[in-house]
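Observations on the three-dimensional arrangement
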Amino acid sequence: MAGYRTDKDQLLRRLRRVEGQIRGLQRMVDTDTYCIDTLTQVSAATKALQSVALQLLDSHLAHCVHDAIAGGGAEADAKVAEASQAIARLMRA
């Protein structure tokens, strides 16, 4: 079960807001909006997605990884490694 299930509605609202930002960016490019203004909006959309990613990561650590560690064994090791890889991907982005 996904660790974010209790925050699902909030996550979906945030993602819909990001979706709106992306549509706005498409309109900005279509209407030849000044480059810096468009870049500013790209930065805002990027930050919004990063915020969603951090919330998902936090939920994963608090639920999925926590539960696996409580159970111990190979599953705990696998969940910690998986979380570490996800953090590394987020850091590269």
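In this report, the structure presented in the accompanying data block is examined.

Scoring rules and cut-offs
- Residues numbered from 1 in each chain as written.
- Predicted model: local features only at pLDDT ≥ 70, side-chain atom pairs only at ≥ 80, totals over all residues.
- Heavy atoms only, no water.
- Salt bridge = Lys/Arg side-chain N within 4 Å of Asp/Glu carboxyl O.
- Helix = DSSP H or I, 4+ residues; strand = E, 2+ residues; numbered from the N terminus.
- Buried < 20%, exposed > 50% of the residue type's maximum accessible area, 1.4 Å probe, protein only.
- 1 Å grid on protein atoms, 1.4 Å probe; cavity = no way out; pocket = protein on both sides within 12 Å on 5 of 7 lines; lining within 4 Å.
- Points joined across faces, edges and corners; volume = space filled by probe spheres on them.
- Nonpolar A, V, L, I, M, F, W, Y, C, P; charged D, E, K, R; others polar.
- Expected span 1.5 Å × (residues − 1).
- Bend = angle between axes of the 7 residues up to and from the residue.
- Contact = heavy atoms within 4.5 Å.

**Brief notes about the pattern of salt bridges**
Charged atoms that come close allow side chains of opposite charge to pair. According to the stated counting rule, one finds two salt bridges in the structure shown. Across the pair Glu 19 and Arg 23 runs a salt bridge, and its minimum N-O distance is 3.5 Å. With Glu 19 and Arg 23 both in helix α1 (residues 8–30), this residue pair falls four residues apart, about one helical turn. Exposure remark for Glu 19: the relative accessible area of 44% places this residue in the partly exposed category.

**Things to note about the layout of surface pockets**
Here the largest pocket defines a volume of roughly 180 Å³. Forming the walls of the largest pocket are Ala 53, Leu 56, Leu 57, His 60, Glu 82, Ala 83, Ala 86, Arg 89 and Leu 90. For the lining of the largest pocket, the secondary-structure elements that each account for two or more residues are α2 (35–71) and α3 (73–92). In terms of residue count, α3 provides more of the lining of the largest pocket than any other element does, five residues in total. Residue classes in the lining of the largest pocket are distributed as six nonpolar, one polar and two charged.

**What to know about unusual backbone geometry**
Negative phi is the rule for most residues except glycine; trans is the rule for most peptide bonds. Although it is not a glycine, Asp 32 adopts a positive phi angle of roughly 55°. Turning to its location among the elements, Asp 32 is positioned in the loop between α1 and α2.

**Structural notes on α2**
Taking 1.5 Å per residue, 37 residues should reach 54 Å; α2 reaches 52 Å between its end C-alpha atoms and fits that length. In α2, a bend of some 35° at His 60 exceeds every other bend along the element. Within the sequence span of α2, burial applies to Thr 38, Ala 45, Val 52, Ala 53, Gln 55, Leu 57, Ser 59, His 60, Cys 64, Val 65 and Ala 68. Residues of α2 that are buried in the fold lie against α1 and α3. Where α2 terminates, the next one or two residues include Gly 72, which has phi positive at roughly 70°.

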